[in-house]
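Coordinates in review
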Amino acid sequence: MPDLHFTRDNVQEKAGCWPWVAQKTFCDEVDSEDMAEKAAVYARAAAEGTDAADIAERATAIAAEAGELDGSSLIDAEGRVKETDRRLRPDELKDVPSLLVRAMNLAIDAENEAVRLILGDGGLDVGFTHHLSASVNEYNGWVEAVNRVMAALPPSADGLPPRNVPVTLPGYGTRTIHPAMGSDGMFHVSLDDWAVEIRARHLQDAADDARKASEELDAVIETYQRQMTELAGELTKHDYDLSEGPLKSLWINPAMARWAAGRLNDLLESDHGTAAEEMLQALAGVEGILNGLFDDYGSASPGEASRRLTADERAYLDDFYWVFDESSLGALGGHHWTAGTDRLRELGDHLMRVAGDGVTVLLDPELGGVSLRREWDAIPPPALAGLTRRLPEGGYADDEGIAELSGFGNVMSHSTVPLGREFGRDLTESVIDTLAHGRGRTDAAGNPLDTDARKLLAVTSRDPERAAEMMADPDFTGSLLGDVYPFDTWTGGVEPNVQRFVERATTLPEGVAPGSPAGRAHADAAYAYLSYVDTAAGGDLHNVDAETIRGLVKTYGDLDPGRFGRFAHLPDEPWVPYL
């Protein structure tokens, strides 16, 4: 018998979409089977009197301590969490419990609908089996019809087979057969070509159903992801920690990351004034991860991270910034948020802070993020592929690239998390290369293209010790001082962001002992700076500040005259800024 069979994979390949795979992936991510137990965990956490900011962390601890809890009394006859149960809605938790209940029920409803569309009665899978059976049944029906017709053919008077014999199968119409005389003297008909056509037609019918089901499933998932993102934004407003608790996987998963990033891209192309609040909702997952890493996130200085990224959090950030890439970051920073209302400026600052800090965490291997140097060849291209490729290989040379980096610079100027060593060094070197290429370039209105790119030097030098480590390298110091030109002549030949970098790197912070490792790093930075100045003494220089020279010669000359005594003459040199 010819092969009339086809598989679900055959159907999906023919349709060009994968609804069975999408349904399983979605349901695995939602995993609503144990919602009753999760509801019981949150009910106990709420009963203990915890506040909105800590309920997720307490729920995590309860789930680990208590094992499985019986939450059946919290579930209604339809399998949904009871929205009116007072155990989940104490007044002191404001709206957080009701938002969590809505999230659980959204997950339950969406998973049920996904299962119904693909595996339920009348769903895609039932249709698939019907099409498969129909393929076999139709072929067998034609075989039987042909056999009946062949058996009824009268003997041939001339020994030749009859031509154009009609065969009818109810429901499928009439076909024509062309019997041939076999070596046995009998008439025969081959239906192999019919089998190929029959299989292809029923496969196409199944593929058409698969496309329709895929569209319906996409709509279910799209609605779910949009509503969950809205809830994430609302929960974040109440200081709820999305990175903690038994429900964290509802938000911190790759599919939600890609959807939120795509939504943010769409919103960037719309009216920022009306879309800013929704943009912030799309960044709620990133902000939730940051809140979980830093105890005081949201303050001007969140301090050191309390832990490293989990595997799920890194996957979320990697997928998010794969979609919301360097071009998106440039567009976010390139918008004139300051031209709007006070509320819009506040939202713009918030958006850029979260987006920039997410990048910083993702690209810091010490926090469990990507190491551009160790992992670049060992892993698939990470998020921000364009940006991270440019960092090790040089800066941006064209106007579009300079403007993009400038927008990124504006975003990062609002960030608050200190840059990791690798990312900080690579980013600084890329900025130096870019500013060297972009000297004097302006947009159509005459505004410099690289204004906000220069801000990145202030960002990468926020940590004085790391700035000192960079400036201790004479080659780096030569590039920083020699290649970055001040845009405005009124600065007296000194780029303010370069000067800020120099001051942070070379100034011995209060409380740091000169002989300590940190103290020696600042001394090495000062030595590299003064060595660069001394090499070009008497020449025309930019980014050389006479007051800085005098201060460093005095400070470090007193601390280590044997090493710094060679620079004693520098304060007397006639420095002439070169522009």
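The paragraphs below set out a description of the structure included in this document. Worth saying up front: this structure is predicted, and the values here are computed from it rather than measured.

So, on to the overall build of the protein chain. Helices and strands together make up the secondary structure of the protein chain, namely 24 helices and 6 strands. The proportion of buried residues among the 579 residues of the protein chain is 49%. Put simply, of all contacts in the protein chain between residues at least 6 apart along the chain, 71% involve residues at least 24 apart. As displayed, the protein chain has an accessible area near 26400 Å², and 49% of this comes from carbon and sulfur atoms.

Glancing now at helix 1 (residues 8–15). Of all the positions in helix 1, only Val11, Gln12 and Ala15 are classed as buried. Projected down its long axis, helix 1 shows its buried positions confined to an angular sector of 95°, all on one face. Against helix 2 (19–30), helix 6 (124–152) and helix 7 (192–237) lie the buried residues of helix 1. Directly after helix 1, the chain includes Gly16, whose backbone phi takes a positive value near 75°.

Packing of helix 10 (residues 284–293) against helix 13 (residues 342–362) brings their axes to within 9 Å, and their N-to-C directions diverge by 65°. Taken as a pair, helix 10 and helix 13 cross one another with a handedness that is left-handed. In this structure, helix 10 uses Val286, Glu287, Leu290 and Leu293 to contact helix 13, whose residues at the interface are His350, Arg353, Val354, Asp357, Gly358 and Val361. Here the contact of helix 10 with helix 13 is composed, by residue class, of 5 nonpolar, 2 polar and 3 charged.

Taking 1.5 Å per residue, 24 residues should reach 34 Å; helix 5 (residues 96–119) reaches 34 Å between its end C-alpha atoms and fits that length. When you tally the buried positions in helix 5, you get 17 out of 24 residues, the bulk of the element.

With that settled, consider the layout of surface pockets. A volume near 540 Å³ is recorded for the largest pocket. Lining the largest pocket are 26 residues; nearest its centre among them are Thr236, Asp239, Tyr240, Asp241 and Asn291. At the level of secondary structure, the elements contributing two or more residues to the lining of the largest pocket comprise helix 7, helix 9 (272–282), helix 10 and helix 13. Its boundaries defined by the atoms lining it, the second largest pocket holds a volume of some 410 Å³. Forming the walls of the second largest pocket are 21 residues, and the residues nearest its centre are Gly333, Gly334, His336, Asn410 and Asp452. Of all the secondary structure elements, the ones that give two or more residues to the lining of the second largest pocket are helix 12 (326–334), helix 13, helix 16 (399–413) and helix 18 (451–460). Residue contributions to the lining of the second largest pocket peak at 4 residues, all from helix 16. For the lining of the second largest pocket, the residue count by class is 5 nonpolar, 11 polar and 5 charged.

This part is about the environment of Gln499. Relative to the helices and strands, Gln499 resides in helix 21 (residues 496–506). Expressed as a C-alpha distance, the spacing of Gln499 and Asp545, which sit 46 residues apart in the sequence, is 8.0 Å.

Quick look at a negative patch on the surface now. A cluster of like negative charges, contributed by Asp51, Asp54, Glu57, Asp239, Asp295 and Asp296, occupies part of the molecular surface. Take Asp54: it is sitting in the loop between helix 3 (35–47) and helix 4 (55–66).

Okay, the environment of Asp399 next. Along the chain, the position of Asp399 falls in helix 16. Residue classification places Asp399 among the partly exposed positions, given a relative accessible area of 37%. Other than its neighbours up to four places away in sequence, Asp399 contacts Arg441 and Leu449.

The rules behind each value
- Numbering of residues starts from 1 in every chain and runs along the sequence as written.
- A pLDDT threshold of at least 70 governs which residues receive local features in this predicted model, and a stricter bar of 80 or more applies before side-chain atom pairs are shown or counted, although totals over entire chains, interfaces and linings include all residues.
- No hydrogens and no water enter the side-chain calculation; it runs on all heavy atoms of the structure.
- Each helix is a run of DSSP H or I of at least 4 residues and each strand a run of E of at least 2, with the numbering of both proceeding from the N terminus.
- Each residue gets one of three labels from its accessible area relative to the maximum for its type: buried under 20%, exposed over 50%, partly exposed in between, using a 1.4 Å probe on protein chains only.
- By definition in these notes, contact holds between two residues if any of their heavy atoms fall within 4.5 Å.
- All accessibility values rest on the Shrake-Rupley procedure with a 1.4 Å probe; residue burial counts only the protein chains present in the view.
- By arc we mean the arc of the directions from the helix axis to the C-beta atoms, nothing more.
- To obtain an axis, a line is fitted to C-alpha atoms, over the contacting stretch when the element is a helix, and the angle between two such axes runs from 0 to 180 degrees between their N-to-C directions.
- Throughout, a crossing is termed right-handed when the near helix is turned clockwise from the far one, and left-handed when it is turned anticlockwise from it by less than a right angle.
- Classification convention: Asp, Glu, Lys, Arg as charged; Ala, Val, Leu, Ile, Met, Phe, Trp, Tyr, Cys, Pro as nonpolar; all other residues, Gly among them, as polar.
- A helix is expected to reach a length of 1.5 Å times the quantity of its residues less one.
- Every definition here rests on a 1 Å grid over the protein atoms only: cavities are sets of points where a 1.4 Å probe fits but cannot get out, pockets are open sets enclosed by protein on both sides within 12 Å along at least five of seven lines, and lining residues have some atom within 4 Å of a point.
- Grid points are joined across faces, edges and corners, and a volume is the space filled by probe spheres set on the points.
- What goes into a patch is any residue over 30% in relative accessible area without a salt bridge, connected to like charges within 9 Å or, for nonpolar side chains (Val, Leu, Ile, Met, Phe, Trp, Tyr), within 5 Å.
- Any Lys or Arg side-chain nitrogen found within 4 Å of a carboxyl oxygen on Asp or Glu counts as a salt bridge.
- Under this rule, positive means Lys or Arg and negative means Asp or Glu; His and the chain ends count for nothing.
- Taken as the charge centre is NZ of Lys, CZ of Arg, CG of Asp or CD of Glu, depending on the residue.

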